[in-house]
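So you can see what is in the structure, the chains are spelled out below.
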Amino acid sequence: RLGQEAARGGERTVMAGRLAAGLRNLQTAAMDEISTAVFKATTDDLFEPKEKHVVAVARWSCEPELQEQVASALAKRVSTCGARPVTTAKTLFLLHRVATTGEPEAILGPSVAELRSLVERRSLPAAELAYAPYIVGLCEWDDCNLFRRPDAPACWRGMPLPAVLEGLRPLQALAEQALELALDASEVTTPAVAALRLAVAEDAFAMFLCETAGAAVLQDGLLAAPLALVNLRPGGLLEALRASNRHAEDALMLQEALGSWRGGSGPLADLPHLDSVLKEGLPWSGSRARVALATTASASAAAVRTPPPAARNRRLAPRR
């Protein structure tokens, strides 16, 4: 009897999925391909954002002839956020993906303006409202689509200390927010918010690795730095080093927390991408930790030797 009930429950789930898919097809019948992908990536259902649509939108954001359409479709979707928590979380996730893997400078201006307005009016659901200011700040950061690259921690190589400090300030501010959000102990109730939290946790780890490499350059130059730069408040060398040490403690806590996500229950434990992060995305594990340490060491050594070509210094450096 229990088996029959389970079978009927499975049939009902399949039927509900088919009905939902049919409804989505009706809703998108008059939309172009880009608007359809944005809509389907952010549908109000009990699943995490569908990866193929998220990837498509991020890819289109890199194609100049499509950027105006992508910008318009995203801004229109952001304007509908607020009434439906799941759609809001998925829209934030989609903006995050475009910011970190697409061409945000050409795409996200209208969406960010709309999202900032929603934040100021507090017109978003509570859980999603916590993430929105971080997404706004990330999208507005000049290097939001660079910091996750494998070679990003080497960006500080050969840079003078004032430039390292200037580049670290926005990075450390965002890392602080990302770590706080990822370590939030409040319950995650939907797959959409779970996917958003994991994406922010990945940001926190990537930012931490970049920050650590920059802090190593500061540490190497500490005794040769002008006293005014060392003790500058706010934004001096010692402040940056203290922030880096504090973030190291938080990053270690987050790494331990992610292990508990997989061992727990609920939407966080069910995220398919979590296994990949646990295997390859942690700061202190296997080859990733060795690569991070080697990169930091080479960046520190290069800072007191011959600077590399100027083109490499652009990453994570303040834009002129």
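Look above for the structure.
So, a few notes on the structure that sits alongside this text. The model shown is predicted, which means the values in this text are computed figures rather than measured ones.

1. Brief notes about the packing of helix α5 (residues 85-101) against helix α10 (residues 191-220)
Contact geometry of α5 with α10 gives a least axis separation of 8 Å together with a crossing angle of 30 degrees. With respect to each other, α5 and α10 are oriented roughly parallel. Both α5 and α10 take part in a crossing whose hand is left-handed. From α5, V86, A89, K90, L92, F93, H96 and T100 reach across to α10, where they touch A192, V193, A195, L196, A199 and D203. For the contact of α5 with α10, a count of residues per class yields nine nonpolar, two polar and two charged.

2. Some remarks on the environment of R246
Mapping R246 onto the fold places it in helix α12 (residues 237-263). Exposure remark for R246: the relative accessible area of 37% places this residue in the partly exposed category. Within the structure, R246 has its side chain in polar contact with the side chain of E176 (distance 3.0 Å).

3. Quick word on unusual backbone geometry
The omega torsion of the bond from R233 to P234 falls at -5 degrees, within 30 degrees of zero and hence cis. On the secondary structure map, P234 appears in the loop between α11 (227-230) and α12. Phi is positive for R122, close to 55 degrees, though the residue is something other than glycine. Among the secondary structure elements, R122 is positioned in the loop between α7 (109-120) and α8 (126-140).

The rules we used
Residues numbered from 1 in each chain as written. Predicted model: local features only at pLDDT ≥ 70, side-chain atom pairs only at ≥ 80, totals over all residues. Heavy atoms only, no water. Axes fitted to C-alpha atoms, helices over the stretch in contact; angles between N-to-C directions. Helix = DSSP H or I, 4+ residues; strand = E, 2+ residues; numbered from the N terminus. Parallel < 35°, antiparallel > 145°, perpendicular 65-115°, else oblique. Left-handed = near helix turned anticlockwise from the far one by under 90°. Contact = heavy atoms within 4.5 Å. Nonpolar A, V, L, I, M, F, W, Y, C, P; charged D, E, K, R; others polar. Buried < 20%, exposed > 50% of the residue type's maximum accessible area, 1.4 Å probe, protein only. Polar contact = N/O pair within 3.5 Å; in protein donor to acceptor, adjacent residues only side chain to side chain.

The values reported here are purely geometric and, on their own, carry no functional implication.
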